[in-house]
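Chain residues, written in single-letter form:
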Amino acid sequence: MRFLPRVPGRRPLVVAAATIAAVGGGGTAFAVSSIGEADRSADLAAAIDSSKPRNVILLIGDGTDDSIITAARNYERGADGRFGALDELPFTGDMTTHGLKVGPGPDYPIAYVSDSAPTASGWSTGKKTVDSRISQGPSVADTTPGADYRTAMEILRDQGKRTGNVSTAELTDATPAAAAAHINLRECKGPANMARCADARKANGGKGSIAEQLVDNKIDVLLGGARGSFNQKIDADDRSVLQYAKDEHTYVEVANRTELDAVRSLDDGPILGLFASGNMTPRYAPLVATAPPGAGGPDQRCTEADRGEQPSLEAMTRKAIELLDNPKGFFLQVESAMVDKQEHASDICGAIGDVGELDRATQVALDYQAEHPDTLIIVTSDHAHSTQIVPGVDAGRQTATLKTADGDPMYVAYSTQESGSSHTGTQVRVAAKGPQAANVTGLIDQTDLFPTILGREPSELPTITVPGETVTVPGETVTVPGPARTVTVPGPTQTVTAPARPIAPRISVNVPRSITRNQLRRPGVTVTVAATGAARVTVELRRGNTRIVRKSVRSNGGTVRLPARANRGTLRVVVKATGEGRDRTTSRTLRVR
Ligand SMILES: [Mg+2]
Ligand SMILES: [Zn+2]
């Protein structure tokens with residue numbers, strides 16, 4: 001963690017006031033179903049990092065609102081359970097998702113229920129637009145193009161970062177399209193689908209279909225469905241978009257999970273992975289709700305679908321990160337798309353299964369972030385959908401019953417239509433972890449994600465200083481001589497107590513209260529430490545007084561994984577900070593179950 005501002009060329013004696021508050025606090029915060037007795041303020045304060053992220057991983061669950069997340073959690077983990085990654089993100093907020101309707105302008109009526117095109121355009125460009133439109137402004141009619149809006153992916157690519165776009169839908173579907181294409185209608189996926197996007201045809205001097213624009217934009221890693229769109233012939237000659245991508249932009253084609261595994265670098269060109277002719281297969285076979293008394297029953301569980309040689313979203317995310325990782329950083333958008341598609345089909349199992357896939361992909365991102373803390377992870381949805389958890393089989397137009405992980409029946413309903421289902425207009429959850437993650441808290445709008453993805457100018461965190469040291473605070477440089485006393489630091493105004501030197505190190509530690517034996521073996525227990533005034537910080541896992549494993553973190557803290565083999569019982573995590581003054585040791589118990 002890099003939340004401590006540093007004085008250039010000096011020992012880090014500037015102390016975040018937030019961390020002072022951590023002394024004597026700490027404890028677990030995010031890992032268990034009950035948040036426990038301990039005050040969480042210190043943990044949250046320690047997680048605030050105002051630095052600009054080097055890497056950004058944006059994970060989208062299409063149509064993945066709080067209702068389907070809750071239904072999926074009940075089913076997979078039980079009502080008191082928690083998803084390992086989705087529910088571990090420390091900063092959460094709500095996000096409004098409304099769009100606009102076509103019209104004469106310049107003011108356009110509000111569309112209270114949006115589709116995936118204007119919503120993805122919202123975070124991609126920072127601007128609202130009309131239904132079905134891909135990163136273009138509003139206009140008088142669907143078939144009239146709006147102004148092209150530059151996307152975050154294009155801007156970051158031009159800054160020298162690598163870019164990736166992963167989806168379980170067609171890569172030409174609205175969510176991945178909005179990251180790196182500009183067109184008046186989302187339906188104009190390939191050169192053969194351009195009837196209502198005439199101006200965009202390459203033959204007419206336009207940028208071409210969505211498939212053509214994605215490869216012309218030279219996105220480094222494209223993984224998903226839509227072989228059908230990429231097999232369509234381009235306007236200029238007899239080649240397919242896929243062949244054109246290989247010929248003109250040196251794309252390397254990947255067709256199944258084995259070939260994806262085999263790719264090791266971008267040295268031979270950008271990667272175009274096309275794993276299905278249309279959308280990819282959801283994890284679970286469908287269970288479609290029907291008119292009451294509905295589908296399924298109190299013993300109904302979902303069954304795994306046969307996904308053949310298709311890679312999972314988790315595997316695509318892991319490979320994309322491996323290929324994109326580089327010193328200049330990257331921006332990766334990952335979409336669990338089939339939550340939405342299956343909700344449209346009133347298919348509760350299909351939707352639930354792919355919320356789980358989003359959780360697994362998020363875990364891959366968190367694992368990478370543990371080693372690369374300058375990575376911002378944002379997990380959100382584009383718009384709300386129709387799944388509701390209801391009190392009984394009669395409480396909706398179409399219903400289904402599933403047995404949850406608790407062993408109890410859960411009833412869900414789809415009531416927007418007699419068959420199938422449509423989007424709804426409520427706000428959706430947004431969650432984040434990493435540098436500048438605090439920007440998702442409270443109520444934000446989708447368009448607010450645009451500057452967050454690009455990285456904001458870091459704000460100054462509240463600071464105190466110790467006597468005799470010089471510290472730069474907003475606007476001026478202050479030297480604080482003399483013994484310990486209260487000083488007022490200009491900038492974000494606050495009064496803090498400066499202790500006499502040498503100061504003892506201070507530590508705030510976050511350790512889960514319990515862990516399974518499997519998780520302990522791999523990846524190990526995750527320990528996050530924030531430290532001030534330390535020269536060296538070590539983290540140990542002990543059984544009794546016997547050390548099992550020890551690792552070091554940076555002098556101002558960090559996150560480590562401590563893997564170990566252990567039977568059920570209690571272990572101890574011991575964090576020791578060695579400082580100029582005296583040492584400080586903190587320990588936490590960890591139950592292995
Ligand atoms: Mg989508
Ligand atoms: Zn949809």
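All of the points below concern the structure found in this document. All of these numbers come straight from a predicted model, not from anything done at the bench.

Criteria and thresholds
- Residues numbered from 1 in each chain as written.
- Chains lettered and ligands numbered in written order.
- Predicted model: local features only at pLDDT ≥ 70, side-chain atom pairs only at ≥ 80, totals over all residues.
- Heavy atoms only, no water.
- Donors = N, O, S within 2.8 Å, 3.2 Å for Na, K, Ca; no water.
- Helix = DSSP H or I, 4+ residues; strand = E, 2+ residues; numbered from the N terminus.
- Buried < 20%, exposed > 50% of the residue type's maximum accessible area, 1.4 Å probe, protein only.
- Axes fitted to C-alpha atoms, helices over the stretch in contact; angles between N-to-C directions.
- Parallel < 35°, antiparallel > 145°, perpendicular 65-115°, else oblique.
- Contact = heavy atoms within 4.5 Å.
- Nonpolar A, V, L, I, M, F, W, Y, C, P; charged D, E, K, R; others polar.
- Pairing = 2+ DSSP bridges.
- Tetrahedral: all angles 85-135°; square planar, octahedral: opposite > 155°, others 65-115°.
- Expected span 1.5 Å × (residues − 1).

**Here's the deal with the coordination of the magnesium ion (ligand 1)**
When a metal holds four donors in a tetrahedron, each ideal angle between them is 109.5 degrees; when it holds six in an octahedron, the ideal angles are 90 or 180 degrees.
And step 1. Taken together, the protein donors to the magnesium ion (ligand 1) comprise Asp62 (OD), Thr175 (OG1) and Glu335 (OE), at separations of 1.9 to 2.2 Å.
And step 2. Ordering the donors of the magnesium ion (ligand 1) by residue number gives the pattern D-x112-T-x159-E. Highlighted residues: aspartate 62 in the loop between strand E2 (55-61) and helix H3 (66-76) and threonine 175 in helix H6 (residues 174-180), separated in sequence by 113 residues.
And step 3. Looking at aspartate 62, the relative accessible area reads 1%, which means it is buried.
And step 4. Exposure remark for threonine 175: the relative accessible area of 0% places this residue in the buried category.

**Thoughts on the packing of H3 against helix H13 (residues 348-371)**
And step 1. The geometry of H3 relative to H13 is characterised by a closest axis approach of 9 Å and an angle of 85 degrees between their N-to-C directions. Taken together, the axes of H3 and H13 are roughly perpendicular relative to one another. Contact residues: H3 offers Ile68, Ile69, Ala71, Ala72, Tyr75 and Glu76, while H13 offers Ile348, Ala351, Ile352 and Val355.
And step 2. Of the residues belonging to the contact of H3 with H13, the class tally is nine nonpolar, no polar and one charged.

**With respect to the sheet that holds strand E15 (residues 409-414)**
And step 1. Reading across the sheet, the four strands line up as E10-E14-E15-E13 and stay open at both edges, with mixed pairing between neighbours. Across the chains shown, the open sheet's two edge strands, defined by having one partner strand only, are strand E10 (295-296) and strand E13 (388-390).
And step 2. Sheet topology places E13 next to E15; three bridges connect them, and they run antiparallel. The residue of E15 that forms the bridge with valine 390 is tyrosine 411.
And step 3. Docked against the sheet, H3 engages E13, strand E14 (398-403) and E15, running at close to 60 degrees with respect to E13.
And step 4. On the sheet, H13 packs against E14 and E15 and is oriented at approximately 55 degrees with respect to E14.

**A word on the coordination of the zinc ion (ligand 2)**
And step 1. Taken together, the protein ligands of the zinc ion (ligand 2) are Asp340 (OD), Asp340 (OD), His344 (NE2) and His423 (NE2), with distances of 2.0 to 2.4 Å.
And step 2. If you look at the zinc ion (ligand 2), its four donor atoms make angles of 58 to 150 degrees with each other, and the shape they trace is irregular.
And step 3. Mapped onto the sequence, the residues coordinating the zinc ion (ligand 2) show the spacing D-x3-H-x78-H. Of the two residues, aspartate 340 is situated in helix H12 (residues 338-344) and histidine 423 in the loop between E15 and strand E16 (428-433); the sequence distance between them amounts to 83 residues.
And step 4. A relative accessible area of 3% places aspartate 340 in the buried class.

**Considerations on helix H11 (residues 313-324)**
And step 1. With twelve residues, H11 should reach 16 Å at 1.5 Å per residue; the first-to-last C-alpha distance of 16 Å fits that figure.
And step 2. For H11, every residue scored as buried is listed here: Leu313, Met316, Thr317, Lys319, Ala320, Ile321, Leu323 and Leu324.

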